[in-house]
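These are the residues of each chain, in order.
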Amino acid sequence: EPEGEERLWRAALRHLRPVDAPAVLMSGQVLLFRMRDGAVAKHIGLVAETAGQASFIHAYSGHAVVESPLSAPWLRRVVARFEFP
């Protein structure tokens, strides 16, 4: 269990609907990432699609808002998925 409070996860649960993990990724879903094992989940992105390939829109320190491929390393970090009500 990660140390610290899962504030972002709790906020997502208050405002969004959880999506079952086996469900297919759909554009517009919100992904919650845990960047390191044992850390709190504090990175979030929005599923998109570029030229038929899954991608996601996100921002992180030192970078602008970017669209990145939803590659295996990113998918391994996903700990929760949500959709807008």
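Residues numbered from 1 in each chain as written. Predicted model: local features only at pLDDT ≥ 70, side-chain atom pairs only at ≥ 80, totals over all residues. Heavy atoms only, no water.

A. Main features of the side chain of His43. Note on placement: His43 falls in strand 3 (residues 43–50). Classification of His43 by relative accessible area gives buried; the value is 8%. A distance of 2.9 Å separates the side chain of His43 from the side chain of His58, its partner in a polar contact. Not counting the four nearest positions on each side in its chain, His43 is found in contact with Leu8, Leu31, Leu32, Phe33, Met35, His58, Ala59, Tyr60 and Trp74. (Helix = DSSP H or I, 4+ residues; strand = E, 2+ residues; numbered from the N terminus. Buried < 20%, exposed > 50% of the residue type's maximum accessible area, 1.4 Å probe, protein only. Polar contact = N/O pair within 3.5 Å; in protein donor to acceptor, adjacent residues only side chain to side chain. Contact = heavy atoms within 4.5 Å.)

B. Fine view of the side chain of Ser68. Counting through the fold element by element, Ser68 comes out in strand 5 (residues 66–69). Among the polar contacts listed, one links the side chain of Ser68 to the side chain of His58, at a separation of 2.8 Å. With residues near it in sequence (within four places) discarded, Ser68 still touches Ser55, Phe56 and His58.

C. Focus on a nonpolar patch on the surface. Residues Leu46, Ile57, Val65 and Phe84 make up a contiguous nonpolar surface patch of about 360 Å² in total accessible area. Within the secondary structure layout, Leu46 lies in strand 3. (Patch = residues over 30% accessible without salt bridge, like charges linked within 9 Å, V, L, I, M, F, W, Y side chains within 5 Å. Areas by Shrake-Rupley, 256 points an atom, 1.4 Å probe, with all protein chains shown as cover. Salt bridge = Lys/Arg side-chain N within 4 Å of Asp/Glu carboxyl O.)

D. Just the environment of Thr50, in detail. Checked against the element boundaries, Thr50 lands in strand 3. Considering only alpha carbons, one finds Thr50 and Phe84, 34 residues apart in sequence, at a separation of 21 Å.

E. Molecular detail of the environment of Ile44. The residue Ile44 is located in strand 3 in this model. Along the primary structure Ile44 and Leu32 are separated by 12 residues, whereas in three dimensions their C-alpha atoms are 4.7 Å apart. Not counting residues up to four positions away in its chain, the partners in contact with Ile44 are Leu8, Val30, Leu31, Phe33, Ile57 and His58.

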